[in-house]
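Descriptive structure summary
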Amino acid sequence: MRPSEDCGLCSLCTGRTKLVLPSGDPSSGIAFVGEAPGESEDLQGRPFVGRSGKILDKMMAEEGLDRSRVMITNTVKCRPPKNRDPTKEEMAACRRFLDSELSSCRLVIGLGKSACRDLLGYEGKMGDIVNKRTFITVEGKEIAFIPTYHPAACIYNKEAREGLRETIRTARGELEAGN
Ligand code: URA
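Residues numbered from 1 in each chain as written. Predicted model: local features only at pLDDT ≥ 70, side-chain atom pairs only at ≥ 80, totals over all residues. Heavy atoms only, no water.

The next thing to look at is the packing of helix H2 (residues 51–62) against helix H5 (residues 158–177). Relative orientation of the contacting elements H2 and H5 amounts to 55°, with a least axis distance of 10 Å. Taken together, the axes of H2 and H5 lie oblique to each other. Helix-helix and strand crossings are classified by hand; for H2 and H5 the assignment is right-handed. Touching Leu-56, Met-59, Met-60 and Glu-62 of H2 are Arg-161, Leu-164, Arg-165 and Ile-168, all from H5. The class makeup of the residues in the contact of H2 with H5 is 5 nonpolar, no polar and 3 charged. (Axes fitted to C-alpha atoms, helices over the stretch in contact; angles between N-to-C directions. Helix = DSSP H or I, 4+ residues; strand = E, 2+ residues; numbered from the N terminus. Parallel < 35°, antiparallel > 145°, perpendicular 65-115°, else oblique. Left-handed = near helix turned anticlockwise from the far one by under 90°. Contact = heavy atoms within 4.5 Å. Nonpolar A, V, L, I, M, F, W, Y, C, P; charged D, E, K, R; others polar.)

Judged by nonpolar contacts, the single largest core of 39 residues is most densely connected at Phe-32, Leu-102 and Val-108. Residue contributions to this core peak at 5 residues, all from H5. Residue contacts for Phe-32: discarding those within four places in its chain leaves Met-60, Leu-65, Val-70, Met-71, Ile-72, Thr-73, Ile-109, Leu-111, Ile-168 and Ala-171. Of all hydrophobic cores here, the second largest spans 9 residues; its members include Cys-7, Ala-36, Val-76 and Phe-97. (Core = buried A, V, L, I, M, F, W, Y, C linked by side-chain atoms within 4.5 Å. Buried < 20%, exposed > 50% of the residue type's maximum accessible area, 1.4 Å probe, protein only.)

With that settled, consider the side chain of Glu-90. By secondary structure assignment, the location of Glu-90 is in helix H3 (residues 88–102). Of the polar contacts made by the side chain of Glu-90, one reaches the backbone nitrogen of Thr-87; its length is 2.8 Å. If we ignore the near neighbours within four places in the chain, the residues touching Glu-90 are Cys-10, Ser-11, Leu-12, Val-76, Arg-84 and Asp-85. (Polar contact = N/O pair within 3.5 Å; in protein donor to acceptor, adjacent residues only side chain to side chain.)

What follows is about the site of the ligand. Around the ligand sit Gly-34, Glu-35, Ala-36, Glu-41, Pro-47, Phe-48, Ser-52, Asn-74 and His-150, and those are all the residues in its vicinity. Contact between the ligand and Phe-48: an oxygen atom at 2.9 Å from a main-chain N or O atom of the residue. Between His-150 and the ligand, the recorded distance is 2.8 Å, taken from a side-chain N or O atom to an oxygen atom. Burial of the ligand by the protein amounts to 92% of the accessible area it has alone, namely 230 Å². Of the residues in the shell around the ligand, the class split is 3 nonpolar, 4 polar and 2 charged. (Near = heavy atom within 4 Å. Areas by Shrake-Rupley, 256 points an atom, 1.4 Å probe, with all protein chains shown as cover.)

It is worth spelling out unusual backbone geometry at this point. Here the phi dihedral of Phe-48 falls at roughly 50°; this positive angle occurs in a residue that is not glycine. Structurally, the position occupied by Phe-48 is in the loop between helix H1 (39–44) and H2. With relative accessibility at 4%, the residue Phe-48 sits in the buried group. Phi angles above zero are rare outside glycine, and Glu-139 is one such case at about 45°. Residue class for Glu-139 comes out exposed when judged on its relative accessible area of 55%.

Moving on to the side chain of Thr-148. Inspection of the secondary structure puts Thr-148 in strand E6 (residues 141–148). What makes Thr-148 buried here is its relative accessible area of 0%. Look past the residues within four positions of Thr-148 in its chain and what remains in contact with it is Ile-109, Gly-110, Leu-111, Gly-112, Met-126, Val-130, Asn-131, Gly-163, Leu-164 and Thr-167.

The next point concerns the sheet that holds E6. Strand order in the open sheet made by the 6 strands is E1-E3-E2-E4-E6-E5, with mixed pairing throughout. The open sheet terminates on both sides in strands that have one partner only, identified here as strand E1 (23–24) and strand E5 (134–138). The sheet contact formed by strand E2 (residues 30–34) and strand E4 (residues 107–111) spans 4 bridges and is parallel. Pairing of Val-33 across the sheet is with Gly-110, part of E4. Seen against the sheet, H3 touches E2, strand E3 (71–74), E4, E5 and E6 and runs at an angle of roughly 170° to E3. (Pairing = 2+ DSSP bridges.)

What follows deals with the state of the cysteines. Counted according to the given criterion, the structure contains 0 disulfides. For Cys-116, which is in no disulfide, the shortest distance to another cysteine sulfur is to Cys-154 and amounts to 13 Å. (Disulfide = S-S within 2.5 Å.)

Shown next, in the form of structure tokens:
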């Protein structure tokens, strides 16, 4: 299930240029879920192609995991105005599409607080849950979930960089093991 071009389930559609649907390999069984499209993503219609995407690409490449080998998506498919966080209501409206993307996955990585708020209902500090594996239920199926830092948090924060690096290593290991 994908949003239609004229999707009006929430008000984000009024400010967007393009819908931003998942990229990468949906058959890999591994998904990285970010927050929301930013300006570059909105213009190009692809997730993580702006500043955060460059950071994520570089860290993945350094850990031997090309982004094309996994699925990359966001909690919402339209850019929030001025890059504000998506609201709970906007994430809830878009959740049916995210669930459909994730339903055939075996491992979901939540990049940052919006993804963890949406998929875990977590409102606390990221530092308390990063790389602590848990489960989420998607369309009635339990799927492994690893919370981690958003790439944007890695710019000035070494702990975040190390945390996200560890998550990427885990994802690569599971991809290669075919777990
Ligand atoms: N670009 C995305 O696609 N998602 C984010 O969370 C940030 C930038």
